[in-house]
Amino acid sequence: MISALDPLNAWQAVVSTRQHLVEIVMDYVIKEIQEVTFTKLVKWTCSTLMIFGGVVPFIPQYREIKNKKDAEGFSLYVCLVLIFANTLRILFWFGKRYELPLLIQSFIMNIAMLLMIHLCVSVKRKMHLAHFQEHTFTDFDWKYFWAWTDFQSYLDFLIVMIVCCSLLTFLLIKSTIFVETLGLVALLSEAMLAVPQLVKNFQYKSTVGMSVLMVLMWMVGDVFKTTYFVLREAPAQFWICGGLQVFIDILILYQVYLYRDSLNINLPHAGRID
C-alpha cells in the first residue's frame, strides 16, 4: 500500500516544488518592478543595447543582400572572425565570470552570423546556378576554405571548431594563464576587425568609397562599449580591446582628414562590421 502511494506523493512533491519556484520568481519580479528607479532603468537600457547593439549594423546588410540577390560585396570572413571571437568569449565565461548581458550578446551575435552565412550561401548558389560547382568542407580542399557552396559545410566546420576549443578549455580551465589568454585572444580578434580598412586606406592613400558616417557609428558604439566595460568592472580584456577599437577608429577618421584631397576614383575597400 505504501509503495502504491509513493508515486502519488512524489508527484505532489514535484508540483509543490514547482509552485514554490514560481512563487519565488514572481515575488522577485514584483519586487524588481516595485523597486524600479531611474538608475535601474538606465542599467536595463544599457544592458539591452549591449546585447543587441552588435547585430544591428547587420540588419541593413542582410536586407540589402536579400533584396538585391547579390552577396558579392559582403565578406563571409567577417562572420568567421566574429563567430570565432564570440565562441572563445563564451568559453572565457566558464573560466572567469563576467556580466550576463555580455555572455548573451555572444550567443546573439553567433546566431546572427549563422543567419548571414545561410543567406549569402543561398544567394550565391542562385547567382552561379548556370556554372555551379560544388565545394564542401568534407572535400578538405583548403583552396576553398570558407568558400564552400553549402550551408551544412559551414556548420560542420563550426561544430568541429567549437568542440576542439571546448575540449581544450575543459582540459586547461584550471590554468589562470590559459583562461586570461583565452579572453585576450577572443576580444583581440574582434578588436582587429577594422584593421583591413585602415590598411587599405593607407595603401591607396584614399578613403574614397568608405562611408565616414559608418566609421563615426563604429566610434560611437566602441566608446559606449568601452565605457560600459569600465563602469561595470568587466575583466581587463574587455576594456583593453575596447580601447584598441576606439584607437583604430580614430586613426581611420584621421585618414579621412589626411587623404581629403585624394582623387575621386573607385577603390576596393574592406569593411568592418561589429
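Note that the coordinates shown come from a computational prediction; the quantities given were computed from them, not determined experimentally. (Residues numbered from 1 in each chain as written. Predicted model: local features only at pLDDT ≥ 70, side-chain atom pairs only at ≥ 80, totals over all residues. Heavy atoms only, no water.)

A. Molecular detail of the overall build of the chain. Within the chain, the regular secondary structure consists of 10 helices and 0 strands. Along the chain, helices and strands appear, N-terminal first, in the series α-α-α-α-α-α-α-α-α-α. Every one of the 274 residues in the chain was classed for burial, and the buried ones make up 37%. Within the chain, counting contacts between residues at least 6 apart in sequence, those at least 24 apart form 77% of the total. Accessible area of the chain: about 16800 Å², with a carbon and sulfur share of 69%. (Helix = DSSP H or I, 4+ residues; strand = E, 2+ residues; numbered from the N terminus. Buried < 20%, exposed > 50% of the residue type's maximum accessible area, 1.4 Å probe, protein only. Contact = heavy atoms within 4.5 Å. Areas by Shrake-Rupley, 256 points an atom, 1.4 Å probe, with all protein chains shown as cover.)

B. Spatial organisation of unusual backbone geometry. A positive phi angle, near 55 degrees, is found at Lys69, a position not held by glycine. Summarising the element assignment, Lys69 is placed in the loop between helix H3 (58–68) and helix H4 (76–95). Look at Lys69 and you get exposed, because its relative accessible area is 53%. Here Trp146, not a glycine, exhibits a phi torsion of approximately 60 degrees, which is positive. Positionally, Trp146 belongs in the loop between helix H5 (100–127) and helix H6 (151–172). Trp146 gets classed as buried once you look at its relative accessible area, which sits at 2%.

C. Here's a closer look at the environment of Trp218. Among the structural elements, Trp218 can be located in helix H9 (residues 212–231). By relative accessible area, which is 7% here, Trp218 ends up buried. For the pair formed by Trp218 and Pro57, sequence separation is 161 residues and the distance between their alpha carbons is 9.5 Å.

D. Examining the side chain of Thr136 more closely. Examined against the element boundaries, Thr136 turns out to sit in the loop between H5 and H6. Among the polar contacts made by the side chain of Thr136, one reaches the side chain of Thr138 at a distance of 3.2 Å. The contacts of Thr136, once residues within four sequence positions are left out, are Trp148, Asp150 and Ser153. (Polar contact = N/O pair within 3.5 Å; in protein donor to acceptor, adjacent residues only side chain to side chain.)

Interpretation note: all reported values are geometric properties and have no functional meaning in isolation.
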